[in-house]
Amino acid sequence: MSGAALAGPDGALRCPWALSTEDYIAYHDEEWGRPVHGDDALYERLSLEAFQSGLSWITILRRRENFRKAFADFRIAEVAAFTEADAARLLADQGIIRNRAKIEATLANAKVLADWSPGELDAFIWSFAPDPAGRPAPGALSDVPAITDESTALSKALKKRGLRFVGPTTAYALMQACGLVDDHLADCVARRS
């Protein structure tokens, strides 16, 4: 079966995408698909998924600490207070992806989210988690969608609330990364159920 789980360097079966680098193996085994809660943590993931759009995730993963430093550890209240000087600093920061639209969206999203109640982003995003009982474990990468009805709905709802750079594919990548769905392959060592 094409795209089926493969043995890693330790012999454990993993999703094939995770085996190209040690960075990916650690991310796959310890983070991807694990439930993430907290407004700042979800804002970080949403922002990083937006920065990843059109790029390889490894590019973002290897620069994640630079992103955290540049964006005040993705603390919503602090990023919401960033000024034009901060935006200029970010555009000059070689440690992150210097895409003007993505930087502006990250800053604008913080300003929107700063007006939300504590815990509101967490509850809002998690309200779009599909019933896991209705989702069979994928047997191969070809069984994993890029967009779902839930990610489309989440994208539309986030946009309606004023957030930017949150298309359905980005929303689904967020859902996968933050454990709203478990897209580890059926035979993968990291599958929760």
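Residues numbered from 1 in each chain as written. Predicted model: local features only at pLDDT ≥ 70, side-chain atom pairs only at ≥ 80, totals over all residues. Heavy atoms only, no water.

What follows is about the overall build of the chain. The helix and strand tally for the chain stands at ten helices and two strands. Scanning the chain from its N terminus toward the C terminus, one meets helices and strands in the order β-β-α-α-α-α-α-α-α-α-α-α. The principal-axis extent of the C-alpha atoms belonging to the chain is close to 50 × 35 × 25 Å. Split into buried and exposed, the 193 residues of the chain put 48% on the buried side. A sequence separation of at least 24 residues applies to 67% of the contacts in the chain between residues at least 6 apart. For the chain, the computed accessible surface area is about 9200 Å², with 52% contributed by carbon and sulfur atoms. Side chains of the chain carry 22 positive and 27 negative charges; the gap between the two charge centres is 5 Å. (Helix = DSSP H or I, 4+ residues; strand = E, 2+ residues; numbered from the N terminus. Buried < 20%, exposed > 50% of the residue type's maximum accessible area, 1.4 Å probe, protein only. Contact = heavy atoms within 4.5 Å. Areas by Shrake-Rupley, 256 points an atom, 1.4 Å probe, with all protein chains shown as cover. Lys, Arg positive; Asp, Glu negative; His and termini not counted. Charge placed at Lys NZ, Arg CZ, Asp CG, Glu CD.)

According to UniProt, the positions carrying the feature "binding site: Zn(2+)" (unreviewed entry) are Cys-15, His-28, His-184 and Cys-188. For this annotated set, covering 174 residues, all C-alpha atoms fall within 10.2 Å of each other, a compact arrangement in space. Of the residues annotated just before, the largest pocket has Cys-15 among its lining. Relative to the helices and strands, His-28 is located in helix H1 (residues 22–30). The class of His-28 is buried, set by a relative accessible area of 0%. Apart from residues no more than four positions distant in its own chain, His-28 is found in contact with Arg-14, Cys-15, Trp-17, Ala-18, His-184, Cys-188 and Ala-190. Among the polar contacts listed, one links the side chain of His-28 to the side chain of Asp-29, at a separation of 2.7 Å. Relative to the helices and strands, Cys-188 is located in the segment after helix H10 (168–177). When neighbours within four sequence positions are excluded, Cys-188 is seen to be in contact with Ala-5, Leu-13, Arg-14, Cys-15 and His-28. (UniProt positions renumbered as here; feature names shortened; annotations may be inferred. 1 Å grid on protein atoms, 1.4 Å probe; cavity = no way out; pocket = protein on both sides within 12 Å on 5 of 7 lines; lining within 4 Å. Polar contact = N/O pair within 3.5 Å; in protein donor to acceptor, adjacent residues only side chain to side chain.)

Below, the discussion takes up the nonpolar core. Within the largest apolar cluster, 48 residues are counted, with the highest numbers of intra-cluster contacts made by Phe-67, Phe-71 and Leu-154. Among the nonpolar cores identified, the runner-up in size contains five residues, and Ala-5, Leu-185, Cys-188 and Ala-190 belong to it. (Core = buried A, V, L, I, M, F, W, Y, C linked by side-chain atoms within 4.5 Å.)

A separate point is the environment of Arg-75. Inspection of the secondary structure assignment puts Arg-75 in the loop between helix H4 (64–70) and helix H5 (76–80). Taking the relative accessible area as the measure of exposure, Arg-75 reaches 32% and is therefore partly exposed. The spatial distance from the C-alpha of Arg-75 to the C-alpha of Glu-44 is 8.2 Å, given a sequence separation of 31 residues.

This paragraph deals with the pattern of salt bridges. The full count for this structure, using the stated rule, is 14 salt bridges. Note that Glu-78 and Arg-75 form a salt bridge whose closest N and O atoms lie 2.5 Å from each other. Between Glu-120 and Arg-161 there is a salt bridge, with its nearest N and O atoms 2.6 Å apart. With Glu-120 in helix H8 (residues 120–126) and Arg-161 in the loop between helix H9 (149–160) and H10, the pair connects residues that are 41 residues apart, well separated along the chain. (Salt bridge = Lys/Arg side-chain N within 4 Å of Asp/Glu carboxyl O.)

It is the contact of helix H2 (residues 39–52) with helix H7 (residues 100–113), at a shortest axis distance of 10 Å, that shows an interaxial angle of 155°. The angle between H2 and H7 places the two elements in the roughly antiparallel class. At the point where H2 passes H7, the crossing takes the right-handed sense. Residue-level contacts link Tyr-43, Ser-47, Ala-50, Phe-51 and Gln-52 of H2 to Lys-102, Ile-103, Thr-106, Asn-109, Ala-110 and Leu-113 of H7. (Axes fitted to C-alpha atoms, helices over the stretch in contact; angles between N-to-C directions. Parallel < 35°, antiparallel > 145°, perpendicular 65-115°, else oblique. Left-handed = near helix turned anticlockwise from the far one by under 90°.)

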